[in-house]
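# A closer look at the structure
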Amino acid sequence: MAEKSYPMTAEGKKQLEEELENLKKVKRPEVINRIKIARGFGDLSENSEYSSAKDEQSVVESRISQVTEMIQYANVVDTDDVAHDEVSVGKKVTVQEDDDEPEVYTIVGSAESDPDNGKISNNSPIAKALIGKHVGDDVTVETPAGSYTLTIKAVDVA
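The residue numbers shown here count from 1 along each chain, following its written sequence. Only residues with pLDDT of at least 70 are given local features in this predicted model, and only at 80 or more are side-chain atom pairs given and counted; all residues enter the totals for whole chains, interfaces and linings. Where side-chain values are given, they derive from all heavy atoms of the structure, hydrogens and water being excluded.

### Digging into the sheet that holds strand E3 (residues 91-96)
Two pairing modes exist for strands in a sheet, parallel and antiparallel, and in both the strands are linked by backbone hydrogen bonds. What counts here: Pairing between two strands is assigned when DSSP locates at least 2 bridges connecting them. Numbering of helices and strands starts at the N terminus; helices are DSSP runs of H or I of at least 4 residues and strands are runs of E of at least 2. Helix axes are fitted to C-alpha atoms over the stretch in contact, other axes to C-alpha atoms as well, and angles between N-to-C directions run from 0 to 180 degrees.
As summarised here, the arrangement of the 5 strands in space is E5-E4-E3-E7-E6, forming an open sheet in which the pairing is mixed. The two strands at the open ends of the sheet, each matched to only one other strand, are strand E5 (119-121) and strand E6 (138-143). Within the sheet, the average angular offset between the axes of one strand and its neighbour, ignoring direction, is 45°. Looking at chain direction, E6 and strand E7 (residues 146-157) are connected through 6 bridges and run antiparallel. For Val141, the partnering residue across the bridge sits in E7 and is Tyr148.

### Side note on a negative patch on the surface
To be explicit about the condition: Every patch collects residues that have over 30% relative accessible area and no salt bridge, joining them within 9 Å if they carry like charges and within 5 Å if they are nonpolar side chains (Val, Leu, Ile, Met, Phe, Trp, Tyr). Using a 1.4 Å probe, the Shrake-Rupley method yields the accessible areas, and only the shown protein chains count as cover for residues. The salt bridge definition used is simple: a Lys or Arg side-chain nitrogen within 4 Å of an Asp or Glu carboxyl oxygen. Here Asp and Glu are counted as negative and Lys and Arg as positive; His is not counted, and neither are the chain ends. All charge positions are set by atom: Lys at NZ, Arg at CZ, Asp at CG, Glu at CD.
On the surface, Asp98, Asp99, Asp100, Glu101 and Glu103 cluster together to form a negatively charged patch. Position of Asp100 relative to the elements: it lies in the loop between E3 and strand E4 (103-108).

### Section: unusual backbone geometry
One non-glycine residue, Asp98, adopts positive backbone phi at about 50°. Here Asp98 is to be found in the loop between E3 and E4.

### Quick notes on the pattern of salt bridges
Within the structure shown, the criterion is met by 6 salt bridges. The shortest N-O distance in the salt bridge between Glu56 and Arg34 comes to 2.0 Å. Remark: Arg34 occurs in helix H1 (residues 10-39) and Glu56 occurs in helix H2 (residues 48-72); sequence separation between them is 22 residues.

### Considerations on the environment of Lys119
How we decide: Contacts are assigned to residue pairs that have any heavy atoms within 4.5 Å of one another.
Structurally, Lys119 can be placed in strand E5. A sequence separation of 15 residues divides Lys119 from Val104, and the C-alpha atoms of the two residues are 9.1 Å apart. What Lys119 contacts, discounting residues up to four positions off in sequence, is Thr106, Val108, Glu112, Ser113 and Asp114.

### Structural notes on the packing of H1 against H2
Defined as follows: Roughly parallel covers angles under 35 degrees, roughly antiparallel covers those over 145, roughly perpendicular covers 65 to 115, and oblique covers all other angles. By convention, the crossing between two helices is left-handed when the near helix turns anticlockwise from the far helix through less than a right angle, and right-handed when the turn is clockwise. Each residue gets one label: Ala, Val, Leu, Ile, Met, Phe, Trp, Tyr, Cys and Pro are nonpolar, Asp, Glu, Lys and Arg are charged, and the others, such as Gly, are polar.
It is the contact of H1 with H2, at a shortest axis distance of 9 Å, that shows an interaxial angle of 160°. As summarised for this structure, H1 and H2 are arranged roughly antiparallel, according to the angle between their axes. Crossing angle aside, the handedness with which H1 passes H2 is left-handed. Here the contact of H1 with H2 is composed, by residue class, of 13 nonpolar, 3 polar and 13 charged.

### Structural notes on the nonpolar core
Cut-off, in case you're wondering: Here, the term nonpolar core denotes a set of buried Ala, Val, Leu, Ile, Met, Phe, Trp, Tyr and Cys residues that are joined through side-chain atoms within 4.5 Å. Per-residue accessibility, obtained with a 1.4 Å probe over protein chains only, is compared with the maximum for each type, and a residue is labelled buried under 20%, exposed over 50%, and partly exposed between these values.
Val87, Val93, Val95, Ile107, Ile126, Leu130 and Ile152 are the most contacted members of the largest nonpolar core, which has 16 residues in total. Of all the secondary structure elements, the ones that give two or more residues to this core are E3, E4, helix H3 (125-130), E6 and E7. In terms of residue count, the dominant contributor to this core is H3 (4 residues). The residues touching Ile107, leaving out its near neighbours within four places in the chain, are Val87, Ser88, Val89, Gly90, Lys91, Val93, Ile120, Asn122, Ala127 and Ile131.

### A word on the side chain of Glu112
Positionally, Glu112 belongs in the loop between E4 and E5. The charged side chain of Glu112 is buried without a salt bridge, its nearest counter-charge being Lys119 at 5.6 Å. Residue contacts for Glu112: discarding those within four places in its chain leaves Met8, Thr9, Gly12 and Lys119.

Put into structure tokens, the structure is as follows:
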């Protein structure tokens, strides 16, 4: 069985650690309190407050488990170990398609992905095509909608 690994930046790991602490010290106690209060409302089989609190407890516990696993198997990528012009997790990449405006992406682990803010997962089609390539390389990105070519214009530490 392959060992689990979650590539991420040091900042991404720190954010997960903060989220885990919040889940354990704030969210979990809030939900437990809601369950305790809802039990006082009587018959649990017809108690919507109790059912809602139990559902929320399940979501919180599931997220605690998921975040704990990601932290346990975190592979913090050190961009100093990668050539300065090579694309890797933790690098900011400027790419251009034909004569379009250049676009800038930061390659991050899937746990810290935020496409609306230019942070794309290392598992995305664009990142998979870019990782390991260098400034000046032309890269073909394969997507379900078809393929297209990008030119790497710049690579910087994020």
